[in-house]
Amino acid sequence: MLPLAALFVAFFVAPLIVLLALSLHADTATATWTAANYVKFFTDRFNYSILWDTLFLGVKATLVCLVFGYPIAWICARASARWQSVLVFLVILPILTSVVVRTFAWIVILGRQGVLNQIALSLHLTDEPLRLLYTEPGVVMVLAQVQMPLMVLPILTVLSKIDPNLADASRVLGAGEWRTLWRVTVPLSLPGVVAGCILTYSACVTAFVTQTLIGGARLIYMPLHIYQQAIGANNWPFAAAISVIFMVAVLAAVALLSLLGRKSESYGSA
Amino acid sequence: MVAPRYSTDWEALSLRLVFGALAAIAIVFLVGPTVIMLLTSFTASQSLKFPPDGLSLRWYAALLDADQMQAAAWNSLVVAFWTTVLSVVLGTAAALGIARSRSPLARACDVLFMSPLLLPALAFGFAALIFIHRLGFSPSIPFLVLGHTVVCVPFVLRTTIAALSQLDPALLDASQSLGAGGWRTFRRVTLPLIAPGLGAGAFLAFMASFDNVPVSLFLADERSEMLPIHLWQQIETNLDVRTAAVSGLIVMFTLILMLLAERLAGLTRQMR
């Protein structure tokens, strides 16, 4: 444990402290402390709307992951061992394939002459090619595909541990399948849902590659904002302040979700 | 008793249909892009169109002359290799400590070691850049490996701690009482039993490092370009069909490694 703790203190905790310290200075040379960078961020609409857009983007992509991911996990948990392996393999295939490659595939699909537009045009659903790339719905869709496995795996873990007798008991007592799902299976699997939401959410808001390649230059989210301020504008103290604000915001969202998770655990066991 | 059973059957069918349809859409949605990417990379024409106008290996052949891409791929492999070695050595030692101890300190370490999974990696990459500048260094391969290790070690930790928690402590007691020392017990009893979990973790760490953009973006210097960053820049500026060929190679390489990991370590069991 000690060697890894040493690495983390020297190369994880220390950099974050240096980052926090730099964010409280006007420039890299001066020694006076100031909160100017934070004031600048929260008084400028351009800046705080990027933060809001990023946090909200994560919510949308997480919800799409949940709607499609829960049924996959549910079916996986009921499948025979052999099919379960195949399904899990298909689910983890995308997360292990390079993010750049997966996002690139989506450019081929979403572009003006992409697969989706060809289908829409040939079915006469639209007269001219739809704009899918460089739009927020496009980013949400691609993020959902790229991060879906993070939602499916924790839910599957919890679902496969639920005692099947409970669902049988519910049915014997006269509840239908839908009622059993909503009143028995879903409440019992809430800890897995919360764990999946936490992983998916924190991955979606920081997905730099997907956000920049599908969103393009005009849709700016926090990771690109940090990168542009740090490397493009070379304004390190301000980029440090944005980084700190972003980290605190993501941690707050995660804390909120895990609080819900703890509530749901007591609900599940009650 | 007949009427309720009839309605239950209808309900079971509707539930199965809705969930089956959603899951089927999701599976196509998950696997489709990779398949389309793979087929497009075999195109015979100059453009990235699907379905391709004809099939050929010309863009794969063109990779043989792509010096910059080859250099970037080599850098990425070297960094991923050292990151995996460091993650496995440090991660196993830490997992043993965390799994054995119930102290609050061990819990705190567990949370700390897992936090890179939740924290924005790009913010950490930038923090690491500021930090090494403050120390008077400039970005280089060794720092890149350290940065990658911080964000990749959680994968090794998670699977190894899970494997250790399933280890029967009676086996360790038996080994000790038969006269084996701590190191010998670890090598002959613990290690073989946690090997699948450790192997799956090492595989995940390797893939995460090979694919890392947010940390490499700040810690790679001009001379050591990394493959995912090179590809990212290529896709942003000009859509070159050779990029599709590299992507195709990465997909095939990933598939082969995944099948190997499934065979050797039961990857799909370890990920749950």
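Quick caveat, the model's predicted, so the values are computed rather than measured.

Chemist: Quick question: what am I supposed to make of the interface of chain B and chain A here?
Modeler: Reports often express the size of an interface as the amount of accessible area lost when the parts come together. The interface of chain B with chain A comprises 86 residues on the first partner and 83 residues on the second. Joining chain B to chain A, the criterion identifies 0 salt bridges. Here chain B and chain A share 5 residue pairs in polar contact (both at pLDDT 80 or more) between them. No other element matches helix α1 (residues 2–40) of chain B, which puts 20 residues into the side of chain B that touches chain A. Residue classes in the side of chain B that touches chain A are distributed as 67 nonpolar, 13 polar and 6 charged.

Chemist: How do you make sense of the nonpolar core when you look at a structure like this?
Modeler: A general tendency of soluble globular proteins is for nonpolar side chains to be buried together. A:Leu4, A:Phe11, A:Leu19, B:Phe113, B:Phe126, B:Leu217 and B:Leu267 are the most contacted members of the largest nonpolar core, which has 175 residues in total. With 15 residues, the single largest contributor to this core is helix α12 (residues 236–269) of chain A. Ignoring any residue separated from it by four or fewer positions in sequence, one finds B:Leu217 in contact with A:Phe208, A:Tyr227, B:Leu122, B:Ile229 and B:Trp232.

Chemist: Can you help me understand the environment of A:Thr97 in this one?
Modeler: Along the polypeptide, A:Thr97 turns up in the loop between α4 (81–96) and α5 (99–110). Taking C-alpha positions, A:Thr97 is 24 Å from A:Trp74, a pair spaced 23 residues apart along the chain. Beyond its immediate stretch of four places on either side in the chain, A:Thr97 contacts A:Arg102, B:Val251 and B:Thr254.

Chemist: Would you mind going over the packing of aromatic side chains with me for this structure?
Modeler: The way to describe two aromatic rings as a pair is by their centre distance and the angle between their planes. Tallying each qualifying case throughout the model produces 23 aromatic pairs over all chains. The interplanar angle of 75° and the centroid separation of 6.3 Å between the aromatic rings of A:Phe11 and B:Phe131 together place this pair among those described as edge-to-face. Here B:Phe131 lies in helix α5 (residues 121–134) and A:Phe11 lies in helix α1 (residues 2–23), a pairing that spans two chains. Of the two residues, A:Phe11 and B:Phe131, neither departs from the other in class, the shared state being buried. Connected via pairs of aromatic rings, a cluster forms that spans A:Phe208, A:Tyr227, A:Trp236, B:Phe126, B:Phe218 and B:Trp232. Above the face of the A:Phe238 ring, A:Lys40 is positioned so that its terminal group lies 3.9 Å from the ring centre.

Chemist: Can you walk me through the pattern of salt bridges in this structure?
Modeler: When their charged atoms lie close together, side chains carrying opposite charge are able to pair. Residue and element names in this part refer to chain A. Scanning the entire structure with this criterion turns up 1 salt bridge over all chains. Residues Glu136 and Lys60 are paired through a salt bridge, measuring 2.2 Å at the closest nitrogen-oxygen approach. Pair noted here: Glu136 is in helix α7 (residues 136–159) and Lys60 is in helix α3 (residues 45–78), with a separation of 76 residues, a long-range link.

Chemist: How do you make sense of the state of the cysteines when you look at a structure like this?
Modeler: Working definition of a disulfide: a covalent bond connecting the sulfur atoms of two cysteines. Inspection of every chain in the model, using the stated rule, returns 0 disulfides over all chains. You can see A:Cys197 has no disulfide; the closest cysteine sulfur is in A:Cys65, sitting 8.8 Å from it. A relative accessible area of 12% places A:Cys197 in the buried class. Left without a disulfide partner, B:Cys109 is nearest to the cysteine sulfur of B:Cys152, which lies 19 Å away.

Chemist: I tried to follow the side chain of A:Ser243 on my own but got confused; where do I start?
Modeler: Secondary-structure assignment places A:Ser243 in helix α12. Polar side-chain contacts of A:Ser243 include one of 2.8 Å to the backbone oxygen of A:Ala239. In contact with A:Ser243, other than residues within four places in its own chain, are A:Leu19, A:Ile226, B:Ala123 and B:Phe126.

Chemist: Sorry if this is basic, but what is going on with the environment of A:Pro237 here?
Modeler: Residues and elements named next belong to chain A. Assignment of secondary structure puts Pro237 in helix α12. Judged by relative accessible area, Pro237 falls into the buried class, the value being 4%. Linking Pro237 and Asn37, residues 200 residues apart in sequence, is a C-alpha distance of 7.3 Å. Discounting chain neighbours no more than four positions away, the residues touching Pro237 are Leu22, Ser23, His25, Ala26, Asp27, Thr28 and Asn37.

Chemist: Would you mind going over the environment of A:Thr34 with me for this structure?
Modeler: Residues and elements named next belong to chain A. With respect to the helices, strands and loops of the structure, Thr34 is situated in the loop between α1 and α2 (36–43). Using a relative accessible area of 24% as the deciding quantity, one classes Thr34 as partly exposed. With 12 residues separating them in the primary sequence, Thr34 and Leu22 have C-alpha atoms 9.9 Å apart. Excluding anything up to four places from it in sequence, Thr34 contacts Ser23, Leu24, His25 and Ala26. A polar contact of 2.9 Å, which involves the side chain of Thr34, links it to the backbone nitrogen of Ala36.

About the cut-offs
- Residues numbered from 1 in each chain as written.
- Chains lettered and ligands numbered in written order.
- Predicted model: local features only at pLDDT ≥ 70, side-chain atom pairs only at ≥ 80, totals over all residues.
- Heavy atoms only, no water.
- Contact = heavy atoms within 4.5 Å.
- Salt bridge = Lys/Arg side-chain N within 4 Å of Asp/Glu carboxyl O.
- Polar contact = N/O pair within 3.5 Å; in protein donor to acceptor, adjacent residues only side chain to side chain.
- Helix = DSSP H or I, 4+ residues; strand = E, 2+ residues; numbered from the N terminus.
- Nonpolar A, V, L, I, M, F, W, Y, C, P; charged D, E, K, R; others polar.
- Core = buried A, V, L, I, M, F, W, Y, C linked by side-chain atoms within 4.5 Å.
- Buried < 20%, exposed > 50% of the residue type's maximum accessible area, 1.4 Å probe, protein only.
- Phe/Tyr/Trp six-rings, centres within 6.5 Å; stacked < 30°, edge-to-face > 60°.
- Lys NZ or Arg CZ within 6 Å of the ring centre and 35° of its normal.
- Disulfide = S-S within 2.5 Å.

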